[in-house]
Amino acid sequence: MRISVIIPTYNPNIHRLSKTLDALQLQSLPKSEWELIIVDNNSSNSFWEEIDLSWHLNAHLVREPKPGLTYARLKGFEESKSEIIVMVDDDNILDANYLQEALKNLENNAGLGAVGGKSIPMFEVESPFWLENFFGNLALRDLGNDIIFEEWNNKYPDSAPIGAGMIIRKDALKSYVDKVKSGVSRITDRKGSSLSSGGDNDIVIEILKSGWKTAYVPSISLQHIIPKERMEVQYLARLVHDTNISWVKLLNSHNINPWKKIPRWTLPLRIAKAWITDKAWVNEVNYIKWKGTCGTFKGLSEL
């Protein structure tokens, strides 16, 4: 096994998961050289009865009863037999050469701990014109056609790999895994219907702080399925709010938080003032950004 593909999932949409598996079936890297690990994180929809893994002799379905994306990923890391891991979400469609490119980039660059590439949207319905403002929150990005290398510089790099499709050298995960297992990590990742996040960023920071480099490689690309419900204002408002809370706490945990803690009693006043400053009533973008501001304030008040 040269690569382990890990798909953590919780009550997945069968149609989208099937598309993810279909794309993996078309990978140019021979199936004898990679394994597929699907981690069921306490799903109740019996999705495993509706998927066919017979096309891959090295496919495994394992279960992680402890709820949360962090623990599902840890289970996948523990089960993997390879030195290179590819984290795939259950709504990602990898380009046919994805695994081949992943191998090439890590095997040719000994100091690389993690690599990411393009994440292109595949909208299930027509997207609203303003949605591009929140592509980053939806794990969508295209940073152009130049390779970008990053190393630790006491700040989070703009070109850091995102969780969807992140390629990781297993040795580079040691610091992150040890921290989570020891209970030191306080970063809450998605659990059930929660939209809190930060696990992807925590992995990247731990890899960089351990002396490894990361890279953005444009030849590595996937499509990310975006359903109608993820384009709705209330969903995006909740997503941006919750991720901003997590972001503040993540940066603070690594001592790179640029903002000061604020007293909790000031929170209502700050939120009211931000409603006016952000002109939250004007349009969808302003309202969602205001909810993000509220999340930042809430995160700072809870430090």
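About the cut-offs
- Residues numbered from 1 in each chain as written.
- Predicted model: local features only at pLDDT ≥ 70, side-chain atom pairs only at ≥ 80, totals over all residues.
- Heavy atoms only, no water.
- Helix = DSSP H or I, 4+ residues; strand = E, 2+ residues; numbered from the N terminus.
- Rg over C-alpha atoms; globule rule 2.2 N^0.38 Å.
- Contact = heavy atoms within 4.5 Å.
- Areas by Shrake-Rupley, 256 points an atom, 1.4 Å probe, with all protein chains shown as cover.
- Buried < 20%, exposed > 50% of the residue type's maximum accessible area, 1.4 Å probe, protein only.
- Phe/Tyr/Trp six-rings, centres within 6.5 Å; stacked < 30°, edge-to-face > 60°.
- Lys NZ or Arg CZ within 6 Å of the ring centre and 35° of its normal.
- Pairing = 2+ DSSP bridges.

Participant: So what's going on with the overall build of the protein? Residues and values would help.
Facilitator: Broken down by element type, the protein carries 8 helices and 9 strands. Computed over the C-alpha atoms, the radius of gyration of the protein is 19 Å, within 12% of the 19 Å expected from 2.2 N^0.38 for a compact globule of 303 residues. Seen through its principal axes, the protein has C-alpha atoms that stretch 60 × 40 × 40 Å. Within the protein, contacts between residues at least 6 apart in sequence are counted, and of these 78% link residues at least 24 apart. Of the accessible surface of the protein, which amounts to about 14,200 Å², a share of 50% is contributed by carbon and sulfur atoms.

Participant: Pulling in residues and values, what's your account of the environment of Ile-85?
Facilitator: With respect to the secondary-structure elements, Ile-85 resides in strand β4 (residues 84–87). Residue Ile-85 is classed as buried on the basis of its relative accessible area of 0%. As a C-alpha pair, Ile-85 and Ile-7 span 78 residues in sequence and 11 Å in three-dimensional space. Contacts of Ile-85, omitting those with residues within four sequence positions, involve Ser-4, Ile-6, Phe-77, Ser-80, Met-166, Ile-167, Ile-168, Lys-170 and Leu-173.

Participant: Any details on the packing of aromatic side chains? Residues and values, ideally.
Facilitator: Taken as a whole and judged by the stated rule, the model has 8 aromatic pairs. Measuring from ring centre to ring centre gives 6.3 Å for Trp-275 and Trp-281, while their planes differ by 40°; the resulting arrangement is tilted. Centroid distance Trp-275 to Trp-290: 4.8 Å. Interplanar angle 85°. Geometry classified as edge-to-face. One end of the pair, Trp-275, is in helix α7 (residues 267–277); the other, Trp-290, is in helix α8 (residues 284–301), with 15 residues separating them in the sequence. By relative accessible area, which is 32% here, Trp-275 ends up partly exposed. Residue class for Trp-290 comes out buried when judged on its relative accessible area of 11%. Over the aromatic face of Tyr-71 sits the side chain of Lys-66, whose NZ or CZ is 4.2 Å from the ring centroid. Above the face of the Phe-297 ring, Arg-270 is positioned so that its terminal group lies 5.9 Å from the ring centre.

Participant: Any chance you could break down the pairing of β4 for me, citing the residues and the numbers?
Facilitator: Of the two faces of β4, the one holding Ile-84 and Val-86 and the one holding Ile-85 and Met-87 are both buried throughout. Judged from the 3 bridges that link them, strand β1 (residues 3–9) and β4 form a sheet pairing that is parallel. Following the sheet pairing, Ser-4 is matched in β4 by Ile-85. Relative to strand β8 (residues 167–169), β4 is paired through 3 bridges, and the arrangement is antiparallel. Bridge pairing in β8 places Ile-84 opposite Arg-169.

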